[in-house]
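Chain residues, written in single-letter form:
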Amino acid sequence: MENKPLPFYNRSIEETAAFFETSATEGLKPAEAEKRLATWGANEIKSARPKSLLAKFLSQFKSFMIIVLLAAAAISGLVGWMHGEGFTDTIIILAIVILNAVIGTAQEAKAEKSLEALARLSAPHCKVIRGGQVVVIESRELVPGDLVVIETGDLVPADLRLTEAVNLKIQEASLTGESLPEDKHADTLEGDVLLGDRENMAFSSSTVTYGRGQGLVVATSLNTEVGKIAAMIQEVPDTKTPLQVRLDNLGKILGISALVICLAIFVAGMLQGRELVEMFMIAVSLAAAAIPEGLPAVSTIVLAVGVQRLVKKHAIVRNLPSVETLGACGVICSDKTGTLTQNRMTVVRLYADGHDCDNFSETLGDGQRQLLRCAILANDAKLSQDETGWRTTGDPTETALLDIGLKFGMNKNELEEDNARQAEIPFDSERKKMTTVNRNDKGALVSYTKGGTDEVLAGCDRVFSGGRIVPLTDDEIRRIKWVNEKMAESALRVLAVAFRPLEELPAPVIPGTLESNMVFAGLLGMIDPPRLEVKDAVAKCRTAGIKPVMITGDHKITAVAIAESLGIMEKDDRAMTGSELEDMSDEHLDNIIGHTSVYARVAPEHKVRIVKAFQHSGQVVAMTGDGVNDAPALKLADIGVAMGITGTDVSKEAADIVLTDDNFATIVTAVEEGRRIYDNILKAIQFMLSTNIGELLVLFIAIMANWAAPLLPIQILWINLVTDSLPALALSVDPAQPGIMNRPPIDSRQGLLTRPFLARILLQGLMIAGLSLTAFRIGLETSVATAQTMTFAVLGLAQITHVLNVRSSASAFAGMFRNGWLWGALAIVLMLMIIVLEIPALHDIFHLAPLTMTQWWWIVGLSLAPLPIVEAAKVIHRLVGKVK
């Protein structure tokens, strides 16, 4: 047997199964599947070979400023050799450059591992029959010979020879370019058939748009049709986020500015008669320190850490830009079932034979038994048994019907043995019903339909009453609608059920031939209780300035009852139905969108209009969805949120975030995390830019004033490596500030560097420069070396204090000890600075002078000064704000 494509469309199902030594009904045995996976490898198309660790390390030396530093090291070594001064400076510069490259490599490797983990988490899954049991596995674990189950909304995981096709339609545009879905069947084809006409095949990466089917895997990985053209459907895109692009641009602007200032410093020094080599080294070192090359790397780490934190909180982020967008989210449009509720439907009321019953006894009347029988047969949920008892799998509404059937001794598996399914019309959101045709053990054909009350009742002209079929009167229709309304007022989800005896199977099997002239069997009322944590999450939304909106296919009365119990719908809010939405102009919708909190009986296409209306009002919108038809709305929304449990592969593919617990509260948690991430990136920017500006101004002011150089090249590089990098990285894991969800969303139209933010950065840079130059002037009373040592100490240690300032706009003392990583980073920086300043053996290397106790007291005082200065500024700012 060979793992390569053959014209299986020319082979019968039996021949295909024989070729792969498998069963067309029970699939492979699990042990055989494992053996084949080991032999043929995973069903995945390998992406480009990742960079090795060495390649990552070497790529760190491509930066323009690193190249300049290496040139400076070479020149310094040459000058040292010519003057007999040795290679100390060269060695130190090279050591710092290499250490910087190691840190950069570690950052890149961490970000890559985070994204790899993300790709694994968002990998597709599929249903496969192994040993006669339906199991869900990762698509990469498929092997030739596996029997795959596909249904509406699935992505086809491998090339399949179909063995069963029930109203199956598959969208193959990614392969054939044909926009319309292809009808599929399981019959054998004759002759040579073009790819687009192979109607008994389903190809990897295509989408099931209608119906269901099964098929044997005939090709995996690179042997699939899509594998031949190396299409990477599930690859997580490697994109720069908008914030990273802005940081890159900011870095370029600041870099050019820094180079201009450094050139000015160099020219000024030369005009003052300073040594050429000294000024060149100062200018190069200062440029390397002042240009914030680390900003994009820090932002990547912050985002990567945030993504991993969200995974632990049940949200898989499929692309990094959506993490930033979360912070600006102003509207969350959520499905009701499973997201706002527990997704554990339970039948609590029955209406049959003219009786409304919510107190079930152990015995049922004829009408109630007929109602349950119809509901169980018009059902795609599965019933299986294990050591714990009976287990249901499938749509929660359908499993609730199997559960109540079991309660009254009506087992779906046994019913279907005596009533074999002959045909079906799957549920779709436009018809709001599904139908099956079954043949009983006496040979009689009966169709069974279940769905929305209005839709099913519209196709009925008779009713099952008193054990017989009688005409459906207007009085009975009014009573059915009244009971339906009463159930809905109790926040119950209501299903109507009907049946129709048939003389023969109609051709074609379409809604028009089966879903009319039906016999009304009754109503089932079920409830899906709200999730306990959702009410608190909705309240958190309100305080955070986020509008929660419910979108559901349920009746308006049911939707409003649930929405009011959760706090989604408040006193002045309104509810709207899909039909009202259809009759409304876009202009009218734009006007009332802000006051509407519930949309009921909504079709997927309505979601697109709702998203557009909110976006027209300037809101950043998160939209949830789980069906194939939800994909356009998920794509259009600023943040598309797919359900990980009930969602189809197509909806997950279209979404930015996948919830692994299908929980509304998780969306709110993700928004909170988005705000935290955005805050921490701004903290890192503020810290790095203010300290870099401080370093620039120290040298610029001193040289322009014709003072001795306050810092030497080695000292500048050490401060840049030690005091900049570690604290900035530690800020990436800073916990959320108190009240982060008590403020309005971030304005998405607002630029990164607002005027107040820029003003803070410049003023704090001036403060650091002023304190460092004060230390320099004090040290000059002893010697230039002492002055440089004091400047070096204050500039390095003041940054340790200043990092506490940027943690909170309220006060540096708020939640001061909540970030253990930051205190660890500051302890390392402090220890390294003290080692350099106090160990005599290092003084020659860094050109430092010993310090007296008095000088140390000056250093401590000046280094701690940023804390009270910035705290005082924050207090004044708050007082001025209150006066205004």
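Residues numbered from 1 in each chain as written. Predicted model: local features only at pLDDT ≥ 70, side-chain atom pairs only at ≥ 80, totals over all residues. Heavy atoms only, no water.

Student: Tell me about the overall build of the chain, residues and numbers included.
Tutor: The helix and strand inventory of the chain stands at 32 helices and 26 strands. In the chain, buried positions account for 54% of the 884 residues. Intrachain contacts of the chain at a sequence separation of at least 6 include 72% that bridge at least 24 residues. (Helix = DSSP H or I, 4+ residues; strand = E, 2+ residues; numbered from the N terminus. Buried < 20%, exposed > 50% of the residue type's maximum accessible area, 1.4 Å probe, protein only. Contact = heavy atoms within 4.5 Å.)

Student: Please give an account of the packing of helix H27 (residues 755–780) against helix H28 (residues 784–805) that cites residues and values.
Tutor: At a minimum axis distance of 7 Å, the contact between H27 and H28 shows a crossing angle of 150 degrees. Regarding the angle of H27 to H28, the classification is roughly antiparallel. In the packing of H27 onto H28, the handedness of the crossing is right-handed. In contact with Gln 764, Met 767, Ile 768, Leu 771, Ser 772, Ala 775, Phe 776, Ile 778, Gly 779 and Leu 780 of H27, H28 contributes Val 784, Thr 786, Ala 787, Gln 788, Met 790, Thr 791, Val 794, Leu 795 and His 802. Taken together, the residues of the contact of H27 with H28 sort by class into twelve nonpolar, seven polar and no charged. (Axes fitted to C-alpha atoms, helices over the stretch in contact; angles between N-to-C directions. Parallel < 35°, antiparallel > 145°, perpendicular 65-115°, else oblique. Left-handed = near helix turned anticlockwise from the far one by under 90°. Nonpolar A, V, L, I, M, F, W, Y, C, P; charged D, E, K, R; others polar.)

Student: Any chance you could break down the sheet that holds strand S26 (residues 657–659) for me, citing the residues and the numbers?
Tutor: Taken in spatial order, the eight strands make up an open sheet running S8-S26-S25-S24-S9-S21-S23-S22, and their pairing is mixed. Only two strands of the sheet have a single neighbouring strand rather than two, namely strand S8 (315–317) and strand S22 (574–577). Ignoring strand direction, the axes of neighbouring strands in this sheet form an average angle of 20 degrees. As paired strands, strand S24 (residues 621–625) and strand S25 (residues 639–643) are joined by four bridges and run parallel to one another. Within S25, the position partnered with Gly 625 by the bridge is Ala 642. Across the face of the sheet, helix H22 (residues 604–616) comes into contact with strand S9 (331–335), strand S21 (547–551), strand S23 (596–600) and S24 while running at roughly 170 degrees to S24. (Pairing = 2+ DSSP bridges.)

Student: Break down H28 for me, with residues and values.
Tutor: Taking 1.5 Å as the rise per residue, H28 with 22 residues should run 32 Å; its terminal C-alpha atoms sit 31 Å apart, in good agreement. Its axis deflected by about 25 degrees at Gln 799, H28 carries its strongest bend there. For H28, a buried count of 20 out of 22 residues is recorded, marking the element as mostly surrounded by other parts of the structure. (Expected span 1.5 Å × (residues − 1). Bend = angle between axes of the 7 residues up to and from the residue.)

Student: Before we move on, can you summarise a negative patch on the surface with the specific residues and values?
Tutor: The grouping of Glu 414, Glu 417, Asp 418 and Asp 441 at the surface amounts to a negative patch. By the element assignment, Glu 417 lies in helix H14 (residues 412–418). (Patch = residues over 30% accessible without salt bridge, like charges linked within 9 Å, V, L, I, M, F, W, Y side chains within 5 Å. Areas by Shrake-Rupley, 256 points an atom, 1.4 Å probe, with all protein chains shown as cover. Salt bridge = Lys/Arg side-chain N within 4 Å of Asp/Glu carboxyl O. Lys, Arg positive; Asp, Glu negative; His and termini not counted. Charge placed at Lys NZ, Arg CZ, Asp CG, Glu CD.)

Student: Can you break down the side chain of Asn 680 residue by residue, with the values?
Tutor: Within the element layout of this structure, Asn 680 appears in helix H25 (residues 664–704). Accessibility expressed as a relative area gives 0% for Asn 680, which makes it buried. Here the side chain of Asn 680 touches Leu 731 through a polar contact of 3.4 Å, landing on its backbone oxygen. Residue contacts for Asn 680: discarding those within four places in its chain leaves Val 302, Leu 731, Ser 732, Val 733 and Asp 734. (Polar contact = N/O pair within 3.5 Å; in protein donor to acceptor, adjacent residues only side chain to side chain.)

Student: Any chance you could break down the packing of H25 against H27 for me, citing the residues and the numbers?
Tutor: Two elements in contact, H25 and H27, have axes whose closest approach is 7 Å; the angle formed by their N-to-C orientations is 45 degrees. Viewed along their axes, H25 and H27 adopt a mutual orientation that is oblique. Handedness of the crossing formed by H25 with H27: right-handed. Residues Leu 682, Ile 685, Gln 686, Leu 689, Ser 690, Thr 691, Ile 693, Gly 694, Leu 697, Val 698, Ile 701 and Ala 702 of H25 form the contact with H27, whose participating residues are Phe 757, Arg 760, Ile 761, Leu 762, Gln 764, Gly 765, Leu 766, Ile 768, Ala 769, Ser 772 and Leu 773.

Student: Could you give an account of the nonpolar core, with specific residues and numbers?
Tutor: If you look at the biggest cluster of nonpolar residues, it comprises 56 residues, and the most contacted ones within it are Ile 332, Met 550 and Phe 664. It is H25 that provides the largest number of residues to this core, a total of 13 residues. Discounting residues that sit within four places of it in the chain, Met 550 has contacts with Ser 334, Lys 336, Leu 340, Ala 559, Ile 562, Ala 563, Ile 568, Ser 597, Val 598 and Tyr 599. If you look at the next biggest cluster of nonpolar residues, it comprises 55 residues, including Ile 282, Ile 703, Ala 825 and Leu 837. (Core = buried A, V, L, I, M, F, W, Y, C linked by side-chain atoms within 4.5 Å.)

Student: Give me the environment of Asp 187: which residues, what numbers.
Tutor: Structurally, Asp 187 can be placed in the loop between strand S5 (182–183) and strand S6 (201–202). Residue class for Asp 187 comes out exposed when judged on its relative accessible area of 53%. Sequence separation between Asp 187 and Arg 161 is 26 residues; the distance between their C-alpha atoms is 9.9 Å. What Asp 187 contacts, discounting residues up to four positions off in sequence, is Arg 161 and Asn 200.

Student: Tell me what's going on with the pattern of salt bridges, and back it up with residues and numbers.
Tutor: Under the counting rule described, the total for this entry stands at 33 salt bridges. Two residues, Lys 35 and Glu 32, come together in a salt bridge whose shortest N-O distance is 3.9 Å. Remark: Glu 32 and Lys 35 occur in helix H2 (residues 30–40); sequence separation between them is three residues, near one turn of the helix. Glu 164 is the partner of Arg 212 in a salt bridge, and the nearest nitrogen-oxygen pair spans 2.6 Å. Residue Arg 212 is found in strand S7 (residues 207–219), and its partner Glu 164 is found in strand S4 (residues 159–171); the two are separated by 48 residues along the sequence.

Student: Give a detailed account of the packing of aromatic side chains, specifying residues and quantitative values.
Tutor: What the rule picks out here adds up to seven aromatic pairs. With 5.2 Å between their ring centres and 35 degrees between their planes, Phe 8 and Phe 20 make a pair best called tilted. Of this pair, Phe 8 sits in the segment before helix H1 (13–19) while Phe 20 is found in the loop between H1 and H2, placing the two residues twelve residues apart along the sequence. On the accessibility criterion, Phe 8 (0% relative accessible area) is buried. The structure contains a cluster of three or more aromatic residues connected by ring pairs, namely Phe 8, Phe 19 and Phe 20. For Arg 777, the ring lying beneath its charged end belongs to Trp 707, and the centroid distance is 4.5 Å. (Phe/Tyr/Trp six-rings, centres within 6.5 Å; stacked < 30°, edge-to-face > 60°. Lys NZ or Arg CZ within 6 Å of the ring centre and 35° of its normal.)

Student: Can you break down the environment of Asn 200 residue by residue, with the values?
Tutor: Along the chain, Asn 200 turns up in the loop between S5 and S6. You can call Asn 200 buried: its relative accessible area is 0%. Residues Asn 200 and Lys 184, spaced 16 residues apart in sequence, show a C-alpha to C-alpha distance of 5.8 Å.

Student: Give a description of a nonpolar patch on the surface that names residues and reports values.
Tutor: Among the surface-exposed residues, Leu 726, Ile 828, Met 831, Ile 835 and Ile 839 lie close enough to one another that they form a single nonpolar patch of about 380 Å² accessible area. The element best represented in the nonpolar patch is helix H29 (residues 820–838), accounting for three residues. Owing to a relative accessible area of 45%, Met 831 belongs among the partly exposed residues under this scheme.

Student: Just give me the short version of the side chain of Ser 597, but keep the residues and values in it.
Tutor: Tracing the chain through its elements places Ser 597 in strand S23. For Ser 597, a relative accessible area of 0% translates into the label buried. At a separation of 2.8 Å, a polar atom in the side chain of Ser 597 contacts the side chain of Asp 573. Sequence-distant contacts of Ser 597, that is, excluding residues within four places in its chain, are made with Lys 547, Pro 548, Val 549, Met 550, Ile 568, Met 569, Asp 573 and Arg 574.

Student: Which residues make up the confidence of the model for the chain, and what values do they have?
Tutor: Residues shown with low pLDDT carry predicted positions that ought not to be read at fine detail. Here the chain shows a mean pLDDT of 83. Residues at 70 or above account for 85%. The secondary structure element of the chain with the lowest average pLDDT is helix H6 (residues 173–176), at 64, and the one with the highest is helix H31 (residues 853–864), at 96. For residues 1–5, every residue scores under 50 in pLDDT, and the model assigns this stretch 15 contacts once sequence neighbours within four places are set aside. (pLDDT = per-residue confidence, 0-100.)

Student: Which residues make up unusual backbone geometry, and what values do they have?
Tutor: The omega angle of the peptide bond from Ala 507 to Pro 508 is 0 degrees, so this bond is cis rather than trans. Relative to the helices and strands, Pro 508 resides in the loop between strand S19 (493–502) and helix H17 (511–514). With phi around 60 degrees, Lys 432 is a residue other than glycine that occupies positive phi space. Considering the arrangement of structural elements, one finds Lys 432 in the loop between strand S14 (419–428) and strand S15 (433–440). Not every positive phi belongs to a glycine, and Asp 662 is a case in point at roughly 50 degrees. Relative to the elements of secondary structure, Asp 662 occurs in the loop between S26 and H25. A residue is classified by how much of its surface remains accessible, and Asp 662, at 3% relative accessible area, is buried.

Student: I'd like a description of the pairing of S7, backed by residues and values.
Tutor: Counting buried positions along S7 gives ten out of 13 residues, so the element sits mostly inside the fold. The sheet contact formed by strand S3 (residues 147–151) and S7 spans five bridges and is antiparallel. When the bridges of S7 are listed, Val 149 appears paired with Gln 214. As paired strands, S4 and S7 are joined by ten bridges and run antiparallel to one another. Looking across to S7, one finds that Lys 169 is bridged to Tyr 210.

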